[in-house]
Structures are given as structure tokens and as C-alpha cells.
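The residues making up each chain are set out below.
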Amino acid sequence: MTDLELRPPAPARKPLPPTGPLRPLSPRRTPWQRVHAAVLRVDAATPAGRDRAADVLRALAITGVVLGHWLVSGVVLQAGGHLVGDSPLGHRPGLAPVTWLLQPLAVFFLVGGRVSARSYEAALARGTGYRTWLRQRLRSLLRPATAFALTWGLVWLGLVLAGTAHETIHTLMWLAYSPLWFLGVYALLLAATPLVHRAGARLAVAACLVVAVLDASRLVSPGSGWVDTLRLLNIPAGWLVPYCLGAVWAAGGFTRRRSAVALLLGGGGVLAALILWGGYPASMVGVPGSTLSNLNPPTVAAVAFGLAQTGAALLLRAPLRSAVTAPATAAPRTRATPAQFLWAAVALLNLSAITVFLWHQTAMLTTTVISLGLGHTFPGLHTSPESAGWLAARCGWIPVFVVVLVVLGTAFRDRDATRAPAAITEQ
């Protein structure tokens, strides 16, 4: 036998599976392309019938509140090493008109009234009872507020155990907890939503009269303790006015421009008269050392200012809506338009509204306290806000505050509110 015959037979080869044409590998997307894709997803998830102007107005209100607090809330390092609060408004009265732009709370309550009225109406259509609806709405407020209050409670305990000066603790706690008053008032107005839904315009007029009468009682009995206590009713009554107007908007009101123009001119005219001849301060926020504050509690001047803001907001609906709405196109987009980028920013801010509102002062205070450890006194952060240079320096610190706020917002965001991207914000 030959060598060839002695070799074992080679194993049979398995046939190769049939293959089709090779598919090209999809190129990896750059970070900028992923941003475009995310923006397009947000825009696509937005219902077609949504009035985006309401979301833009709320985003502008949140931005105004945050910037307003950051620009007028000073923390000064005293010679004894403790911190005290101060404000540039107390040193430079000419800055009062700035507060007309940075105190947009009426717009916030206007949009809140619209959203709550529509939400309550939708709940009724689904057969959901008032108590269930209110419990769900309050839970979305109380959950992040509880986390905020507990965190600052631990901070307070740490400061006390560390022997921190009383003045410093008082300054930090006052500035940190000050946003909570808003949530308390908003919770009361939420509870009154069924009444507001039924009698929005009439209730707004009644609330205006309550504020006017209580302000008049201050003039009749100046310095009276019971009058000052009674005027605390102006806190819910004053903000009930724009809240009711938001319910009127939700019910289909303000379809004609003349209604918004009447609110703008009427409210602005009454405000001007009250400032020029009624003795009311021009600042729409409290000023240290002032005998009268338009905000705590709201005065009739603050209500007039809110009416003017409401009129301006209603007039801006069409251009704001256009600014965040991309033109319709038949072909699918691969790159987002500037309008879609702007809408994504508005949607993100609305999703984080409560978190931003609660923690924005904490971002400023965190920056202020941590920077003390560097051993330097920084202008615009630890110095007295009596000069124009302080405002310029404070503007330079705002990007730092934003970064710290983003970190805090990421750590304390309400995950239930941001779980469904399609929800964006409730309307």
C-alpha cells in the first residue's frame, strides 16, 4: 500500500451559510450629532396641539426669578468673620426699575392657573375625583420640597455643632428657605382650583378688592399690629388674581388682543399713579430699610403690576410660539433648527422648574461659602453691594452659580417628573 492509501480521509467541510450583500457599518455619531438627535426627539414628542407659548412664559418667569434673586441678594463678610445679608437696592434706589423685569411672579401664577384649570378639567373628564387630583398635584410639590427642607435641616445642625456665628446661620437659613413661601401659596391656590375654575373672572375682581381694602386699612390705622396681621391675607389674595386670569385663559378667554391691551395699559396706569401720588415704592421687591414692601405682603401696586405683566404676557403669545416652533416639512430632519433647540431648552427648564426654584439660592450660597475657604474676599460675592462695581462682579459670578445649580439639580431632581420625555410639562 502506498503512503497515500494509509492516510485517513479528510473530514468533510461544512458548507458556508448563504449570505446576502454586506451591509455597510453605520458611522459613529459625533457628540454634536447626538445633541441634534436628542433635540429632534424632544420636538417630536411634543403633542401637535400644545400651546408652547405657555411653556415659554413659564421658562421666562423661572429665569427672571432666579436672576433677580442672584442680582439683589448680597451676602457680606463682616469684620468679625460672620455673614450678613444685604441688597444693592438698599444702596442704589435708581435700580428699582430693574425689578420690573426681574420680578415675574405674576406670569408664573398666570401660567400655573391655566395649567391647573386644564388639568382639573381633564381629571373630571376621566372621572377622577377632586381629592385624588389634588393629592397627585400636591405630591409633585411636596416631594422635592421635603428633600430640600431635610437637606438644609442637616446643614443647620452641622453649623450649630460647628459653633458657627448666629448671624451667619440666620443669613444662610433665611436666604435658603425663602423660596418655600411660594410653594405654600401655590398649594393653597391649587386647593381652590374648583372655585377658580367656576368663577375665574369674578373671583379675580373680588381678590383685587380685598387687597385694596386691606391696603386702605393700613392708611387708616398706621402702625396697628392687628392691621399688619390682617394684611397677611393679601399674600394668597394678591397671587389669586393672576391665577384666576390663567383659568380664564384656559377656558378660552383673551382671544382678542384688546383684552390683553386693556390689562397692560390699565394695570400700568394704576401702578404709575400709585407710585407717583400714592406713596408706594417703585421697587417690586422688598428693599432693606424700607418701611413698605410691595411684595411682603403684596400691595395693590403689586397687583396692578401683575395685571400689566399679564397683559404683556398675553400679547407676546404669538411671537413666543413662533420662536419655538419649527416650520413643518415633509422630509425627516437630520439637523435641528434654532427653534427646535430653543424649544428643547424651554422643555428642559420646565421639567426642572420646582428643582431650579428650590435650589437656586443654595447654588449662590454654596459658591459663597466654599470660596471663603480660599482665604480671599471676592468682589460681588463677599463685599458690600453699594457700588456699581459690585453688580458687574456679581454678573461675572452668575455662570458659576449656573454650574453649581446644574450639579445640585442633577443630584436632587425629581425623577418621577422627568421619567417620560413625551410629557415635557403638563398643560
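Small disclaimer: the values here were computed from a predicted structure and weren't measured.

This part takes up the overall build of the protein chain. For the protein chain, the count of helices and strands is 17 helices and 2 strands. For the protein chain, the exposed area adds up to about 22600 Å²; of that, 67% sits on carbon and sulfur atoms.

This part is about the pairing of strand E2 (residues 83-86). A regular strand places its side chains so that they alternate between the two faces of the sheet. Relative to E2, strand E1 (residues 74-77) runs antiparallel, the two sharing 4 bridges. What sits directly across from Val 76, in E2, is Val 84. The hairpin turn running from E1 into E2, its antiparallel successor, is 5 residues long, and Gly 81 in that turn takes a positive phi close to 90°.

Turning our eyes to something else, we now look at the packing of helix H4 (residues 105-126) against helix H5 (residues 130-161). Closest axis-to-axis distance for the H4/H5 pair is 10 Å, and the angle between their directions is 140°. In terms of axis orientation, H4 runs oblique to H5. For the pair H4 and H5, the crossing hand works out as right-handed. Across the interface between the two elements, Val 115, Ser 116, Ser 119, Tyr 120 and Ala 123 of H4 pack against Tyr 130, Trp 133 and Arg 137 of H5. Within the contact of H4 with H5, the residues separate by chemical class into 5 nonpolar, 2 polar and 1 charged.

Over its 12 residues, helix H6 (residues 166-177) runs 16 Å from end to end, which matches the ideal 16 Å to within 8%, given 1.5 Å per residue. Taken residue by residue, H6 has Thr 168, Ile 169, Thr 171, Leu 172, Met 173, Leu 175 and Ala 176 as its buried positions. Those residues of H6 that are buried lie in contact with E1, E2, H5 and helix H16 (353-372).

The next point concerns the nonpolar core. Counting 94 residues, the largest nonpolar core has Trp 70, Trp 152, Phe 182, Leu 240 and Leu 365 as its most contacted members. Of all the elements, H4 adds the most residues to this core, at 11 residues. Setting aside residues no more than four positions away along its own chain, Phe 182 makes contact with Leu 105, Phe 108, Phe 109 and Phe 357.

Scanning the entire structure with this criterion turns up 6 salt bridges. In this structure, Arg 321 engages Asp 51 in a salt bridge whose closest nitrogen and oxygen atoms are separated by 2.8 Å. On the criterion of sequence distance, the pair formed by Arg 321 in helix H14 (residues 317-323) and Asp 51 in the loop between helix H2 (31-45) and helix H3 (52-72) is long-range, its members being 270 residues apart. Among the residues examined, Arg 321 registers a relative accessible area of 31% and is labelled partly exposed. Classification of Asp 51 by relative accessible area gives buried; the value is 13%. Connected through shared salt-bridge partners, Arg 50, Asp 55 and Arg 58 make up one network.

A full pass over the atoms with the stated rule returns 18 aromatic pairs. Relative to Phe 182, the ring of Trp 181 has its centre 6.2 Å away and its plane inclined at 85°; by these criteria the two rings are edge-to-face. A cation sits over an aromatic face here: Arg 114 above Trp 249, 4.8 Å from the ring centre.

What follows is about a positive patch on the surface. Taken together, Arg 28, Arg 29, Arg 34 and Arg 41 make up a surface patch of like positive charges. Here Arg 29 lies in the loop between helix H1 (3-6) and H2.

What follows concerns helix H15 (residues 338-351). The end-to-end C-alpha distance of H15 is 20 Å, a good match for the 20 Å that 14 residues give at a rise of 1.5 Å each. Among all positions in H15, only Ala 339, Gln 340, Trp 343, Ala 344, Val 346, Ala 347 and Asn 350 are buried. End-on view of H15: buried residues confined to an arc of 165°, all on one side of the axis. Of the residues in H15, the exposed ones pointing more than 90 degrees away from the buried face are Pro 338 and Leu 348. Lining the buried residues of H15 we find H2, H3, H14 and H16.

All right, on to the side chain of Thr 168 then. Inspection of the secondary structure assignment puts Thr 168 in helix H6. By relative accessible area, which is 8% here, Thr 168 ends up buried. Not counting residues within four places of it along the chain, the set of residues in contact with Thr 168 comprises His 82 and Leu 83.

Within the fold, Val 205 resides in helix H9 (residues 200-220). Assessed through its relative accessible area of 51%, Val 205 is described here as exposed. Considering only alpha carbons, one finds Val 205 and Leu 245, 40 residues apart in sequence, at a separation of 10.0 Å.

All right, on to the confidence of the model for the protein chain then. The share of residues in the protein chain with pLDDT of 70 or more is 89%, and the mean pLDDT across the chain is 86. When pLDDT is averaged over each helix and strand of the protein chain, the minimum, 40, is found for H1 and the maximum, 96, for helix H13 (residues 300-315). Confidence drops under pLDDT 50 across residues 1-8; counting only partners more than four residues distant or on other chains, this segment forms 1 contact.

It is worth spelling out the environment of Asn 234 at this point. Within the secondary structure layout, Asn 234 lies in helix H11 (residues 234-250). Residue Asn 234 is classed as buried on the basis of its relative accessible area of 0%. Separated by 63 residues in the primary sequence, Asn 234 and Pro 297 have C-alpha atoms spaced 5.8 Å apart. Those residues in contact with Asn 234 that sit more than four places away from it in its chain are Val 210, Val 211, Leu 214, Asp 215, Trp 239, Pro 297 and Pro 298. Side-chain polar atoms of Asn 234 contact the backbone oxygen of Pro 298, separated by 3.2 Å.

Reading guide: rules and limits
Residue positions are counted from 1 within each chain, in the order its sequence is given. For this predicted model, a pLDDT threshold of at least 70 governs which residues receive local features, and a threshold of 80 or more governs which side-chain atom pairs are given and counted, while totals over whole chains, interfaces and linings are taken from all residues. Think of the side-chain values as coming from all heavy atoms in the structure, minus any hydrogens and water. Numbering of helices and strands runs from the N terminus, with a helix taken as a DSSP run of H or I at least four residues long and a strand as a DSSP run of E at least two residues long. Under the convention used here, a 1.4 Å probe and the Shrake-Rupley method define accessible areas, while residue burial counts only the protein chains that appear. Whether two strands pair comes down to DSSP finding at least two bridges between them. Axis definition: a line fitted to C-alpha atoms, limited for helices to the stretch in contact. Angles are taken between N-to-C directions and run from 0 to 180 degrees. Comment on the angle field: the value is read as roughly parallel under 35 degrees, roughly antiparallel over 145, roughly perpendicular from 65 to 115, and oblique elsewhere. Each helix crossing is assigned a hand: it is left-handed if the near helix lies turned anticlockwise from the far helix by less than a right angle, otherwise right-handed if that turn is clockwise. In what follows, residue pairs with any heavy atoms lying within 4.5 Å of each other are defined as contacts. Any residue outside Ala, Val, Leu, Ile, Met, Phe, Trp, Tyr, Cys, Pro, Asp, Glu, Lys and Arg is labelled polar, Gly included; the first ten of those are nonpolar and the last four are charged. In this scheme, a helix's expected span is set at 1.5 Å multiplied by one less than its residue total. Only protein chains enter the calculation, and the probe is 1.4 Å; a residue is then buried if its accessible area is under 20% of its type maximum, exposed if over 50%, and partly exposed in between. Here, the term nonpolar core denotes a set of buried Ala, Val, Leu, Ile, Met, Phe, Trp, Tyr and Cys residues that are joined through side-chain atoms within 4.5 Å. Any Lys or Arg side-chain nitrogen located within 4 Å of an Asp or Glu carboxyl oxygen qualifies as a salt bridge. Side-chain rings of Phe, Tyr and Trp, where Trp is taken by its six-membered ring, are said to pair if the distance between their centres is within 6.5 Å; with planes under 30 degrees apart they count as stacked, over 60 as edge-to-face, and otherwise as tilted. Remark: a charge is flagged as sitting over a ring if the NZ atom of Lys or the CZ atom of Arg is within 6 Å of the ring centre and within 35 degrees of the ring normal. For patch detection, residues must exceed 30% relative accessible area and be free of salt bridges, and they are connected within 9 Å for like charges or within 5 Å for nonpolar side chains (Val, Leu, Ile, Met, Phe, Trp, Tyr). Within this scheme the basic residues Lys and Arg register as positive and the acidic residues Asp and Glu register as negative, but His and the chain ends are omitted. Think of each charge as sitting on NZ of Lys, CZ of Arg, CG of Asp or CD of Glu. As used here, the arc belongs to the directions running from the helix axis to the C-beta atoms. For every residue, the predictor reports its confidence as pLDDT, a number between 0 and 100. Here a polar contact is taken to be a pair of N or O atoms separated by no more than 3.5 Å, where protein atoms must pair a possible hydrogen donor with a possible acceptor and residues adjacent in sequence count only if both atoms sit in side chains.

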